[in-house]
Amino acid sequence: MSAAKTLRKAIEAGDYPAVVAAIPYATYLGLTVAGDGDARIYRMPFRDDLIGSTRLGALHGGTVAGLLEVSMQLEVLIAETQPRLPYPVDFSVDYWRSAASVDTYCRCRLIRSGRRIAQVQAECWQDDPDKPVAFARADFLLRAIDQPSPG
Amino acid sequence: MTEPDEREQIDKRDPEVRAEIARQFNARIPHNGAIALEIVDVAGELVVTRLPYRDEFLGDPMARLWHTAIGTTAADSTCGLAVLLALPGLESLATLDLRMDYLRPAVADTALTIEAECHHVTQSVAFVRATLHQGERDRPTALCTAAFMRTGRSLIG
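The following refers to the structure shown. (Residues numbered from 1 in each chain as written. Chains lettered and ligands numbered in written order. Predicted model: local features only at pLDDT ≥ 70, side-chain atom pairs only at ≥ 80, totals over all residues.)

Turning our eyes to something else, we now look at the interface of chain A and chain B. Residue-level contacts link 32 residues of chain A with 33 residues of chain B. Those elements that provide at least two residues to the side of chain A that touches chain B are helix H1 (3-13), helix H3 (24-29), strand S3 (51-53), helix H4 (61-79) and strand S5 (84-95) of chain A. Here the side of chain A that touches chain B gets 9 residues from one element, more than from any other, and that element is S5(A). Classifying every residue of the side of chain A that touches chain B gives 17 nonpolar, 10 polar and 5 charged. Bridge analysis of S5(A) against strand S5 (residues 91-102) of chain B gives 5 bridges, and the strand direction is antiparallel. (Contact = placed C-beta atoms within 7 Å. Helix = DSSP H or I, 4+ residues; strand = E, 2+ residues; numbered from the N terminus. Nonpolar A, V, L, I, M, F, W, Y, C, P; charged D, E, K, R; others polar. Pairing = 2+ DSSP bridges.)

Another aspect to go through is unusual backbone geometry. Residues and elements named next belong to chain B. Within the chain, alanine 36 stands out as a residue other than glycine whose phi angle is a positive 65°. Looking at where alanine 36 falls in the secondary structure, it is placed in the loop between helix H2 (30-35) and strand S1 (38-41). Alanine 36 gets classed as exposed once you count the C-beta atoms within 10 Å, which come to 10. Non-glycine residue aspartate 109 carries a positive phi angle of around 70°. Counting through the fold element by element, aspartate 109 comes out in the loop between S5 and strand S6 (112-121). The exposure class of aspartate 109 is exposed, given the 9 C-beta atoms found within 10 Å. (Buried ≥ 20, exposed ≤ 12 C-beta atoms within 10 Å, placed from the backbone.)

Let's shift gears to the pairing of S6(B). Residue and element names in this part refer to chain B. Looking at chain direction, strand S2 (residues 47-51) and S6 are connected through 5 bridges and run antiparallel. In the sheet register, leucine 51 faces S6, and the bridge partner there is leucine 112. Summarising the sheet, S6 and strand S7 (residues 125-133) pair through 8 bridges and their orientation is antiparallel. Residue pairing for S7: glutamate 117 is matched across the bridge by arginine 129. If you look at the hairpin formed by S6 and S7, you'll find 3 residues sitting between the two strands.

As a further point, take the environment of A:Met44. All names here are of chain A. Within the secondary structure, methionine 44 sits in strand S2 (residues 41-44). We classify methionine 44 as buried; it has 25 C-beta atoms within 10 Å. Through-space distance from the C-alpha of methionine 44 to that of threonine 104 is 5.2 Å; in sequence the pair is 60 residues apart. Look past the residues within four positions of methionine 44 in its chain and what remains in contact with it is Leu29, Gly30, Leu31, Thr63, Leu67, Asp103 and Thr104.

Once that is clear, we can look at the sheet that holds S5(A). Strand order in the open sheet made by the 12 strands is S1(A)-S2(A)-S6(A)-S7(A)-S8(A)-S5(A)-S5(B)-S8(B)-S7(B)-S6(B)-S2(B)-S1(B), with antiparallel pairing throughout. On the outer flanks of this sheet lie strand S1 (32-34) of chain A together with S1 of chain B, each paired with one strand and no other. With direction set aside, neighbouring strand axes in the sheet form an average angle of 30°. The sheet contact formed by S1(A) and S2(A) spans 3 bridges and is antiparallel. (Axes fitted to C-alpha atoms, helices over the stretch in contact; angles between N-to-C directions.)

We now examine H1(A). Residues and elements named next belong to chain A. Burial in H1 covers these residues: Leu7, Ala10 and Ile11. The buried residues of H1 occupy an angular sector of 95° when projected down its axis, which confines them to one face. Exposed side chains of H1 directed beyond 90 degrees from the buried face belong to Lys5, Glu12 and Ala13. Buried residues in H1 make contact with helix H2 (16-21) and H4. Within two residues after H1, glycine 14 carries a phi angle of roughly 65°, on the positive side. (Arc of directions from axis to C-beta.)

Once that is clear, we can look at the packing of H4(A) against helix H3 (residues 68-86) of chain B. Closest axis-to-axis distance for the H4(A)/H3(B) pair is 8 Å, and the angle between their directions is 155°. By the angle between their directions, the pair H4(A) and H3(B) is classed as roughly antiparallel. As H4(A) packs across H3(B), the resulting crossing turns out to be right-handed. Contacts between H4(A) and H3(B) involve A:Gly61, A:Gly62, A:Thr63, A:Ala65, A:Gly66, A:Glu69 and A:Val70 on the former and, on the latter, B:Thr68, B:Ala69, B:Thr72, B:Thr73, B:Asp76 and B:Ser77. In terms of residue class, the contact of H4(A) with H3(B) is made up of 3 nonpolar, 8 polar and 2 charged. (Parallel < 35°, antiparallel > 145°, perpendicular 65-115°, else oblique. Left-handed = near helix turned anticlockwise from the far one by under 90°.)

This brings us to the pairing of S1(B). Relative to S2(B), S1(B) runs antiparallel, the two being bridged by 3 bridges. By the bridge assignment, B:Ile39 is partnered in S2(B) with B:Thr49.

Next comes the structure, spelled out in structure tokens:
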């Protein structure tokens, strides 16, 4: 079975581990997806090698950005009824608090999913969902799953 | 080389001093080590790093393209280094915000080069921009703009 078909089946079946496995960088970050319907929560388990400042025991800002961007991408991928691959067009992140050496969670809001572009926001937090550590927004270009990627 | 710990003793115009600051900066960031971010050139205002390719960094394994988000991590680190080298002393910094424009996909099997320039500094904030490419500077894969907050605290001690 082709990689595209495997991914399509995983999305249709709601097999989140298989969807994450289709994106090597999501696997590298150790992302997991929990929940169903519209209330998915993405999690990046703490790992020593995600640290950016040993002195502060803080996660590298890039790993927090990575969690936000990959979660938004997965959200688009999973929420789409006809699976299309979301390619990030642009991304921006606001850092609100330092991220500590613990697991980080993310939830996304798919603002709009049009013919070609999906627009998404996301927030991530650690111990307290009411104290988010970062906020991000991104636009994604949507391509049919078996069409050639942009070049 | 001894660790520069007095603001007055640091001459950031000296390429050797800049190289040593960059080396220590990179060595103190575990995630930079994990992704194997390399310092290429910090002699001038344009701070250059390189991220060697790894299969783990793919975003689209079918088309064999880098994930855009790993470029964001490399850009964040490189922008932070550019700011550190542009400020007097060795000041602790915090990324306030960062934006990426993904102009074209980065292809597998080729390293990413990140070039960052801190173009404006105020008492509280440093502004920086970066270009990501795969060997052809006039064909960037991504552009980055970021703002860093100055904490006023020393990185050392």
